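Descriptive analysis of the structure
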Amino acid sequence: CTPKLDRLVTEEGMLFDNLFADGNRTIRGIEGILSSFPPLPGDSILARDRTDNVESLARVLKRDGYETLFLYSGKGTFDYIESYSLPNGWDRLIQEWDFTNVTHRTAWGVCDEDMYHRSIEEMRAMHAAKKPFFVSTLGVSNHLPFTFPAGRIQDNSKTRKAAVRYADWAIWDFIRLAKREAFWKDTIFVIIADHGARVYGSQTIPSKSYMIPMYIVGGPVPHQRISTLGCQLDVAPTVLGMVGRPYDSMFFGHDLLAQTDPSQSRCVMHHNRSIAVYRDQRQVIFGLNKSIELFTGDPKSGSMIEVEELDPIAKQLQQDGTALFQVADELYMHRAYRVREP
């Protein structure tokens, strides 16, 4: 369904092929990718009442003099995007009613190409003003009723596969146009899914459904494939590592390009009321009433096996997972998930 991106990754850029989403909703993807914050049980921090001053990738870069902008094809009320972004480091939010001369509109908002074309206009203006910039975009084409502009791809059926093909075309078109701009040579572009297409499987947390791609391309990006295990928490630290400037943050993720010990690579996940941490062929799941489950195997296989007893490695993983989620909860509840600025 993605012929354009499939071809791109064989020619240029950096493909991360062992990455997992932190949840199965957009709201979980946002907190994981942009705030590097673990998925706590219950609601995402975007939907909670203490998210007016939390750390984010935009905050880190804004402290370093960057202009920051969030573009969303739909309405900013969706998944609390507006109430999350504007108080937490983004200077501006461009949403559905800010787009003019719209090519195509669905029940969710404007089509992907309109969002990408507007983002190029905004980046061009910021670059002309000699300002470094951080721009976040979120498209909506891959949603019912699966409609998009005619003439972009051969399949004009109102199906998910056709919508994915259109999203693929729109990303390719964006990269094609961005290459013509002066900012291409010193900008990195990160393309990542907010979550998988759908969740299926008999596991408490069906890990295979959480597999997502991340593709990074741009003037300074080398061509390579990265198979280090990671999750959405690792996106922000990895991007900041590629930028190469010193920074302070509260982020829970790791720089995947600086990970020297593969056995320490881990990912966290959320499904319904369960949360989990996976590392070294073991997935420890924390459920209601302090229940603990252990699954072993490759999360990509779709057939991990439940085990009754925790071995020493799994016991250590349980302790590490408990610490990670407990610290995250306490930082959030005490409004301490932020770098205190002078």
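Before reading on, note that the structure itself is shown above.
Conventions we followed
Along each chain, numbering runs from 1 in the same order as the chain's sequence is written. For this predicted model, a pLDDT threshold of at least 70 governs which residues receive local features, and a threshold of 80 or more governs which side-chain atom pairs are given and counted, while totals over whole chains, interfaces and linings are taken from all residues. Hydrogens and water molecules were not included; the side-chain quantities draw on all heavy atoms of the structure. What counts as a helix is a DSSP run of H or I of at least four residues, what counts as a strand is a run of E of at least two, and both are numbered from the N terminus. Contacts: residue pairs with any heavy atoms within 4.5 Å of one another. Axis definition: a line fit to C-alpha positions, over the contact stretch in the case of helices; interaxial angles, taken between N-to-C directions, run 0 to 180 degrees. Here is the rule for angles: anything less than 35 degrees is roughly parallel, anything more than 145 is roughly antiparallel, 65 through 115 is roughly perpendicular, and the remaining ranges are oblique. When residues are sorted by character, Ala, Val, Leu, Ile, Met, Phe, Trp, Tyr, Cys and Pro go into the nonpolar class, Asp, Glu, Lys and Arg into the charged class, and all the rest, Gly among them, into the polar class. The cut-offs for exposure are 20% and 50% of the maximum accessible area for each residue type, with area from a 1.4 Å probe on protein chains only; residues under the lower value are buried, those over the upper are exposed, and the others partly exposed. At least two bridges found by DSSP between two strands is the condition for calling them paired.

Section: the side chain of Arg266
Within the fold, Arg266 resides in the loop between helix H7 (235-243) and strand E9 (267-271). When sequence neighbours within four positions are dropped, the list of residues in contact with Arg266 reads Leu229, Gly230, Cys231, Leu233, Asp234, Phe252, Gly253, His254, Val277, Tyr278, Arg279 and Leu324.

Side note on the packing of helix H1 (residues 3-11) against helix H6 (residues 160-178)
With their axes 7 Å apart at the nearest point, H1 and H6 run at an angle of 45° to one another. Classified by the angle their axes make, H1 and H6 are oblique. Residues Pro3, Lys4, Leu5 and Leu8 of H1 touch H6, and the partners they reach there are Arg165, Asp168, Trp169, Ile171, Trp172 and Ile175. Of the residues assigned to the contact of H1 with H6, the class counts are seven nonpolar, no polar and three charged.

Overview of the pairing of strand E10 (residues 274-279)
Across the six residues that make up E10, a large majority, six, are buried. Of the two faces of E10, the one holding Ser274, Ala276 and Tyr278 and the one holding Ile275, Val277 and Arg279 are both buried throughout. As defined by bridge partners, E9 adjoins E10 across five bridges and the pair is classed as antiparallel. Following the sheet pairing, Cys267 is matched in E10 by Tyr278. What sits between E9 and E10 in their antiparallel hairpin is a turn of two residues, with Asn272 showing a positive phi close to 55°.

With respect to the sheet that holds strand E11 (residues 282-286)
Taken in spatial order, the five strands make up an open sheet running E9-E10-E11-E12-E13, and their pairing is antiparallel. Each having just a single partner strand, E9 and strand E13 (305-307) make up the two edges of the open sheet. If you compare each strand with its neighbour and ignore which way they point, the axes differ by 25° on average. Seen against the sheet, helix H8 (residues 312-333) touches E9, E10, E11 and strand E12 (292-296) and runs at an angle of roughly 45° to E11.

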